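Each chain, written out:
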Amino acid sequence: MTPDETAFTDTLISRQVRERIVLVGVTLPPALAEGTEAALDELARLVDTAGADVVERVVQRRAAPDPSTYLGRGKAEELRALCEAADADTVVFDDDLSPAQQRNLERILGRTAIDRTAVILDIFAQNARSPEGRAQVELALLRYRLPRLRGRGRTLSQQAGGIGTRGPGETQLEVDRRRLTTRMRRLESDLRQLDRTRRTQRRGRSRSRQRLVSLVGYTNAGKSTLLNRLSGSEVPVEDRLFVTLDPRTRQLDLPGGERVLLTDTVGFVRKLPHQLVEAFRSTLEVVVESDLLVHVVDGCAPDLEGQVEAVRRVLAEIGADERPELLVLNKVDAAGSGEEARRLLDAHPGALAVSAATGAGIDELLATVGDRLRAGDRVVELEIPWSRGDVLAAVHREGGIVGETAGEGATRVQVVLDDAGAWRFRDFLAS
Ligand SMILES: Nc1nc2c(ncn2[C@@H]2O[C@H](COP(=O)(O)OP(=O)(O)OP(=O)(O)O)[C@@H](O)[C@H]2O)c(=O)[nH]1
Ligand SMILES: [Mg+2]
């Protein structure tokens, strides 16, 4: 491996010592301070998961973020005094900081300033295990770092190996930038290769017409516990955020005798960094192609509706918001009588309450999954131009053909398709 191809796996929060962290949230109108407090509670959990200790939290109200220092210079100077008193190593902002804001803040604060995105990237970097997961996370980290290279140049230069790595007339910053983009291109090409392999495997599955069910939801909602409960497997489960990064797929036998594939994948969170969503796009493709999404909600979490909303926002970002969804309130053994849990069930007719831990409600869940998959079946009329023999062949493979007639330059086919099938052939629906 040349120096330009070595991995940049160092993270933004130190793993050698537990850093002392100050959290900063800003309330912008019309938001309420309570919302900011709740966001900071979650940020504290993220920081703890990343391996650091929160020593202070600050909530500030502002009319609008300051473009150069986010907080405003005066407030940033007050924050510096507070950091000194608390002997803090790093300040974590709940909102995204632009590279310039970050740089200016670091200068005023005299210590590292990072944002929520960086903390989430850090956790992912710690949890990634498979080669693909690691490549995805590293790519997301580099995309985050590239525009911030000036501020972080020191860290990268230390890794660069010094003498011999710098080309004639290149500044250290240029060297860093070149190494970083070379590495990014390498990762992108590795990921494309992995994606091609997966596509081939998927084509095999689509020929067998096995239905696909995906578990989605907020991180720590109990998706992996539910996968284990439903399929009798033993994927890792922990009371930590983002334990699962690599998707796991298991066979699942439904009460009707049908066998489907059940996939557990990465959990979502509010403001999931778009760099991660991008990098994980191919992993999350299984979600986009699912016949049914089982959306698992943690009945013990604060602000259930807010979490449901955050998950749906990520689903929309990956293009899976039109997939049929079954809402499942988990952990009812611990939260069954909770006021918020009851409100969620009232607000979403058809939602089920289960406990992946005790097995309560699981039989009903399995029966409902079967019903929902079958409910999608219907006869659809398609009009396929003669020039699209490939599409006609695909329809024959996937659906039960009811009737077929030749028309003007096109074949009209009546075929039984499920939701996913109808969606796949939506461009050929006869008017
Ligand atoms: N009380 C209770 N705890 C549960 C239940 N299901 C899961 N848990 C706990 O919730 C925590 C998270 O469970 P996981 O299955 O790892 O959650 P996940 O959604 O896969 O989380 P990530 O992969 O980290 O996003 C663990 O401590 C589980 O033991 C349940 O039905 N009741
Ligand atoms: Mg999990």
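Preceding this section is the structure that the text describes.
Attention here is on the structure that accompanies the text. Small disclaimer: the values here were computed from a predicted structure and weren't measured. (Residues numbered from 1 in each chain as written. Chains lettered and ligands numbered in written order. Predicted model: local features only at pLDDT ≥ 70, side-chain atom pairs only at ≥ 80, totals over all residues. Heavy atoms only, no water.)

**Describing the overall build of the protein chain**
Check the secondary structure of the protein chain and you find 16 helices and 13 strands. Expressed as a percentage of the 431 residues in the protein chain, the buried residues total 49%. Once local pairs closer than 6 in sequence are excluded, the contacts in the protein chain between residues at least 24 apart make up 70%. Carbon and sulfur atoms provide 49% of the accessible area of the protein chain, an area that totals close to 20100 Å². (Helix = DSSP H or I, 4+ residues; strand = E, 2+ residues; numbered from the N terminus. Buried < 20%, exposed > 50% of the residue type's maximum accessible area, 1.4 Å probe, protein only. Contact = heavy atoms within 4.5 Å. Areas by Shrake-Rupley, 256 points an atom, 1.4 Å probe, with all protein chains shown as cover.)

**Quick word on the packing of aromatic side chains**
Per the counting criterion, the structure on display carries three aromatic pairs. Look at Phe 124 and Phe 242: their rings are 4.7 Å apart centre to centre, the planes differ by 50°, and that puts the pair in the tilted class. Of this pair, Phe 124 sits in helix α4 (residues 116-127) while Phe 242 sits in the loop between α8 (223-231) and β6 (248-253), placing them 118 residues apart in sequence. Comparing Phe 124 with Phe 242 shows no difference in burial state: the two are buried. Centroid distance Phe 124 to Phe 280: 5.6 Å. Interplanar angle 80°. Geometry classified as edge-to-face. Here the residue Phe 124 occupies a position in helix α4, and Phe 280 occupies one in the loop between α9 (274-279) and α10 (285-288), the gap between them amounting to 156 residues. For the pair shown, Phe 124 and Phe 280 are each scored as buried. Ring pairs connect the aromatic residues Phe 124, Phe 242 and Phe 280, which therefore count as one cluster. Over the ring of Trp 423 we find Arg 323; its NZ or CZ atom is 4.5 Å from the centre of that ring. Positioned above the aromatic ring of Trp 423 is the side chain of Arg 426, whose terminal nitrogen or guanidinium carbon lies 4.4 Å from the ring centre. (Phe/Tyr/Trp six-rings, centres within 6.5 Å; stacked < 30°, edge-to-face > 60°. Lys NZ or Arg CZ within 6 Å of the ring centre and 35° of its normal.)

**Let's talk about the site of ligand 1**
Around ligand 1, the surrounding shell holds 23 residues, and the nearest of these are Lys 223, Thr 225, Val 243, Thr 244 and Asp 333. When residues of the shell around ligand 1 are traced back to their parent elements, those giving at least two are α8 and α12 (332-335). A total of three residues in the shell around ligand 1 trace back to one element, the largest contributor, which is α8. Taken together, the residues that form the shell around ligand 1 break down as eight nonpolar, nine polar and six charged. (Near = heavy atom within 4 Å. Nonpolar A, V, L, I, M, F, W, Y, C, P; charged D, E, K, R; others polar.)

**Here we look at the coordination of the magnesium ion (ligand 2)**
Between any two of four tetrahedral donors, the ideal angle at the metal is 109.5 degrees; between two of six octahedral donors, it is 90 or 180 degrees. Here the magnesium ion (ligand 2) is held by the protein donor atoms Ser 224 (OG) and Thr 244 (OG1), which lie 2.0 to 2.1 Å from it. Of this pair, Ser 224 sits in helix α8 while Thr 244 sits in the loop between α8 and β6; the two residues are 20 residues apart in sequence, bridging distant segments of the chain. Residue Ser 224 is classed as buried on the basis of its relative accessible area, which comes to 8%. (Donors = N, O, S within 2.8 Å, 3.2 Å for Na, K, Ca; no water.)

**Observations regarding the pattern of salt bridges**
Across all of its chains, the model carries 31 salt bridges by this definition. One salt bridge in this structure joins Glu 37 and Arg 57, with 2.7 Å as the shortest N-O distance. Linking Glu 37 in helix α1 (residues 33-50) with Arg 57 in strand β2 (residues 53-61), this pair joins segments that are 20 residues apart in sequence. Classification of Arg 57 by relative accessible area gives partly exposed; the value is 33%. (Salt bridge = Lys/Arg side-chain N within 4 Å of Asp/Glu carboxyl O.)

**Here we look at helix α5 (residues 131-145)**
Every α-helical turn comprises 3.6 residues, leaving residues that sit three or four positions apart pointing alike. The first and last C-alpha atoms of α5 sit 21 Å apart over 15 residues, in line with the 21 Å expected at 1.5 Å per residue. Listed in full, the buried residues belonging to α5 are Glu 132, Gly 133, Ala 135, Gln 136, Val 137, Glu 138, Leu 139, Ala 140, Leu 141, Leu 142, Tyr 144 and Arg 145. (Expected span 1.5 Å × (residues − 1).)

**A few points about the sheet that holds β6**
An order of β6-β7-β5-β8-β9-β10 is seen for the six strands of this open sheet, with the pairing classed as mixed. Edge strands, defined here as strands with exactly one partner in the open sheet, are β6 and β10 (352-353). As paired elements, β6 and strand β7 (residues 259-264) share six bridges and run antiparallel to each other. Its bridge partner lying in β7, Gln 251 is registered against Leu 261. Where helix α11 (residues 304-317) meets the sheet, its contacts fall on β5 (212-217), β8 (292-298) and β9 (325-330), and the angle it forms with β8 comes to roughly 145°. (Pairing = 2+ DSSP bridges. Axes fitted to C-alpha atoms, helices over the stretch in contact; angles between N-to-C directions.)

**Quick word on the environment of Val 288**
Relative to the helices and strands, Val 288 resides in helix α10. Each C-alpha atom, one on Val 288 and one on Ser 214, is 9.2 Å from the other, the two residues being 74 residues apart in sequence.

**Section: the sheet that holds strand β4 (residues 112-115)**
Judged by pairing direction, the sheet is parallel, and its four strands sit side by side in the order β2-β1-β3-β4 without closing on themselves. Looking along the sheet, the strands with just one partner apiece sit at the ends: β2 and β4. Taken pair by pair, the neighbouring strands of this sheet meet at an average axis angle of 25°, ignoring direction. Where strand β3 (residues 90-93) and β4 come together, four bridges link them in parallel fashion. What sits directly across from Val 91, in β4, is Ala 113. Where helix α2 (residues 73-86) meets the sheet, its contacts fall on β1 (20-27), β2 and β3, and the angle it forms with β2 comes to roughly 160°. Along the sheet, helix α3 (residues 99-109) makes contact with β3 and β4, crossing β4 at roughly 145°.

**Looking at the nonpolar core**
One finds Phe 124, Phe 242, Leu 272, Phe 280, Val 287 and Leu 315 to be the most contacted residues of the largest nonpolar core, which totals 49 residues. Sorting the residues of this core by element identifies β1, α1, α4, α5, β5, α9, α10 and α11 as the ones contributing at least two each. It is α4 that contributes the most residues to this core, seven residues altogether. The next biggest cluster of nonpolar side chains, apart from the first, holds 24 residues, and it includes Ala 221, Leu 326, Ile 362 and Leu 373. (Core = buried A, V, L, I, M, F, W, Y, C linked by side-chain atoms within 4.5 Å.)

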